[in-house]
Every structure is written in structure tokens, then in C-alpha cells.
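What follows is the residue order along each chain.
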Amino acid sequence: MTATVRVAMIGHAFMGAAHSQAWRAVHRFFELDVHPQMAVLVGRDPARAAEAAATLGWQESATDWREVVRRDDVDLVDICTPGDTHAEIALAALGAGKHVLCEKPLANTLAEATRMTKAARSAAGNGVRSMVGFTYRRVPAVALMRRMVADGAIGTIRHIRGQYLQDWIVDPDFPLVWRLQQERAGSGALGDIGAHILDLAQFVSGQRITGVAAQTETFVRRRPLARGGGALGAATAQADGPMGEVTVDDAAVLLARTDGGALGTFEATRFATGRKNRIMLEINGSDGTLAFNFENMNALEYYDASRGDLAGFTTIPVTEPTHPYVGAWWPPGHGLGYEHAFIHQARDFLEAIATGTDPQPSFAEGTGVQHLLEAVLASAADHARWTDVGT
Ligand code: SOE
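Note that the coordinates shown come from a computational prediction; the quantities given were computed from them, not determined experimentally.

## Notes on the sheet that holds strand 1 (residues 3-10)
- With parallel pairing, six strands are arranged side by side in an open sheet as 3-2-1-4-5-6. At either end of the open sheet lies a strand with only one pairing partner, and these are strand 3 (60-62) and strand 6 (130-133). Recorded for the sheet is a direction-independent mean angle of 25° between the axes of neighbouring strands.
- Sheet topology places strand 1 next to strand 4 (residues 76-79); four bridges connect them, and they run parallel. Of the residues in strand 4, the one forming a bridge with V7 is L76.

Here it is in C-alpha cells:
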């Protein structure tokens, strides 16, 4: 009889839907010693939570997360809520001895992230596992890119170039959703999508960003108040209604240095008109280059300088069973999608629980990203002054 891990998921918008898909599918494609049981979905509105639970495949719904995280029939709390609630929920869940998967960024402030990491470290002593949801690490092409860099395929890293480009708020009439409010989201494009590309840069390169010089911009400073809906578009603006202040960045651009002597250039923006979810990471080394583009997520571009006058960029189809995670899926050439990284995340978390190991990225790594976000905002607030990244 396979052991089960009874999951409670808090929040059921876009991330809730993606995480639900992962819990539904993971043990049907990966051989696991523990299987997830989709026990309870928590939402603020009872009717909407009940509807979401039925649609997404949860056994029951609830509205009081404080009560749910204390239940004896819950083993794992999956936090898919806006950033201003991550710390409170994670601290309560860890305190109740529950494993915790928390969406990125870990928290809205460094102080919250630090408290969460302290609690996670203490809970780990009792076999409680915790992880932060930087899912793009688990796109097979990204995991292969990291493996090739670690194996020396491109030699000494000179440049790390990262972009995360979206355009969902280019329309000035797009309403003032929670992601555009500092007290709810912590920061704007920087903490939402900048956190992803900065985590990917460090994960793939194996290096840590030690200093930054940054600028941020808020292009549209006032928007119509939102009425209902989620963060990414379900909300509607109140036509000719009251306006509100956007209190976060729309875009961040930055220069960086790493502890491995590399130079970094990064941008994260929600105003790259036409770019819907373009994540690009290119690493130039002394012996070659690797480049990943999420718009072609089942491939990796590779330039091997050792080929001399036969060198050129080749496209590696990352669809072989020997490639990270791919063996559980389809034959070569078929490919995977956005949701598969969430399934791989669930697989790795359940594997960690089954083997009694701490999954990555840990809350400590999530706090490392939080240090980065704080340094970027500090630099941007002081005319792009070079700012060291705390540890
Ligand atoms: C919104 O920018 C968002 O939903 C991010 O929050 C997710 O992390 C990313 O995967 C897709 O875009």
C-alpha cells in the first residue's frame, strides 16, 4: 500500500490551477513511494472555493486556512496565495508540523523570508520539508543547461544574460489588481517575474549574484480600480470609475556581478508589448555558449567553440528519455509544456518527503532571492548606485 501525503492547497487562481494539475498527474507519470491525496482546497469565498474544488479535483473545500493547517488529516500545505499572506500561512503550517510548498517569491519582505527560513530550518529537524516554487528550474531544457554548465561544456562563465518579458498590463485601462499594489505583492515585475530570471541565472550558472546596479520604472501610475477576478486579467475595470495608485514597478533593468567573476545583464518587464511570457537565459563562456528561450522550451541552443571552423549554434531537442524528467513522458520529439514544470516540482517534493531529504530550492535559497530583490530596489532608489547583495 503506497503511503499518501494529504495536501491542502490555499488559493485557487492561476497558480492554484497549475498546482492542482501537478497533484492530479504526478503519480500517474512518475513512480513514487508516496502519492498525493488532494484533500482540501481553501478559498476566501465558500461558493467559489467549492466550485474550484469540484473543477480542479479536490475532495473538499474550506474558507478558514488557519483551521485547515491544524487538521490532523493534512500533511502538506501548498501556498498559492498573493505574497502578503505567504509568511503567516507558512509559519502556521510549519508550526503545525506540515510540509510546506510556497509559491514564489517566498515573501514580500526580507524580514518575512528570514523568519520563514528560521522556522523551516527548525521544522526540518522534525522531518518537515519545505520548498519555494521556482518552477522554471524544472523545465527539462533548463535542468540540462545547468548540467552542461556544471560539466564544463562552456568553460569559464563570462556573461549571464536574462530576460523575463510579459505585456499583460500595457493597456492603461487594465485594472489595479493585487499584483500592482505594493502591500499585496511586495514589488511588481521585479518580484513576480524578475525573481524567476534571477533565480534561474544563479541556478543554471551555479554562481551567486554579489552586487547590482538597477533602475525600475512605473510607466502607468494610476489605473481604474479592479472589480473581482484574479491577478492576470479575470478582473474587470469599473468603467469611468474611481482610479487608484500603482505602487510597484512595471519594469526593472539591472547590471550584476557574480562570485564567479561573471557580468550579468537582466530585465524583467510587463511592458514588452507582444512578448507574452518570454523567458530568455543565455550564458557565454570561454569555451562556448548555452541559450534557453521559453518560447521554444523543448530545445537548447549550444555553441561549442572547440569545433573551430566547424563551430556553430546547434539546437539540442531536449526530448530524449535521458534528459531531466523527460523519461516519464513521451517519446523523443514530442515535447512538454508549461504545466510539466509544476508536475516535476511536485515529483521532487514528494520524493524528498519519501526519502527524508530537504528539497531545493529551500526557503534559504528563496531568502537569497529576497536579498537580491531588496538590493535591486535599494540601487534603483539611489540612481542605480552599485549595491552589494546581502547573504
Ligand atoms: C504572472 O506574471 C505569472 O503568473 C507569474 O506569477 C508566474 O510565476 C509565471 O510562471 C507566469 O506569469
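## Some remarks on the packing of helix 8 (residues 189-205) against helix 10 (residues 363-381)
- Here helix 8 crosses helix 10 at 120°, and the two axes come no closer than 10 Å. The angle between helix 8 and helix 10 falls in the class oblique. In the crossing of helix 8 with helix 10, the sense of the turn from one axis to the other is right-handed. Here helix 8 contributes L190, G191, A195, L198, D199 and Q202 to the contact with helix 10, which in turn contributes V369, L372, L373, V376 and L377.
- Residues of the contact of helix 8 with helix 10, tallied by class, amount to eight nonpolar, two polar and one charged.

## Regarding the sheet that holds strand 18 (residues 313-317)
- The strand order 18-17-16-15-7-14-13-8-19 describes an open sheet built from nine strands, whose pairing is mixed. Bordering the open sheet on either side are strand 18 and strand 19 (387-388), each of which pairs with just one other strand.
- Pairing geometry for strand 17 (residues 299-304) and strand 18, over five bridges, is antiparallel. Each bridged residue has a counterpart across the sheet, and for A299 the counterpart in strand 18 is P317.

## Here we look at the packing of aromatic side chains
- Tallied over the full model, the rule gives 13 aromatic pairs.
- With a centroid separation of 5.9 Å and 35° between ring planes, the pair formed by F14 and Y338 is classed as tilted. Placement of the pair is F14 in helix 1 (residues 14-29) and Y338 in helix 9 (residues 338-355), with a sequence separation of 324 residues.
- By relative accessible area, which is 23% here, Y338 ends up partly exposed.
- For the ring pair W168 and F174, a centre distance of 5.4 Å and an interplane angle of 80° mean the geometry is edge-to-face.
- Each residue in the set F14, Y136, Y164, F294, Y338 and F342 is aromatic and connected to the rest through ring pairs, giving one cluster.

What counts as what
Residues numbered from 1 in each chain as written. Predicted model: local features only at pLDDT ≥ 70, side-chain atom pairs only at ≥ 80, totals over all residues. Heavy atoms only, no water. Pairing = 2+ DSSP bridges. Helix = DSSP H or I, 4+ residues; strand = E, 2+ residues; numbered from the N terminus. Axes fitted to C-alpha atoms, helices over the stretch in contact; angles between N-to-C directions. Parallel < 35°, antiparallel > 145°, perpendicular 65-115°, else oblique. Left-handed = near helix turned anticlockwise from the far one by under 90°. Contact = heavy atoms within 4.5 Å. Nonpolar A, V, L, I, M, F, W, Y, C, P; charged D, E, K, R; others polar. Phe/Tyr/Trp six-rings, centres within 6.5 Å; stacked < 30°, edge-to-face > 60°. Buried < 20%, exposed > 50% of the residue type's maximum accessible area, 1.4 Å probe, protein only.

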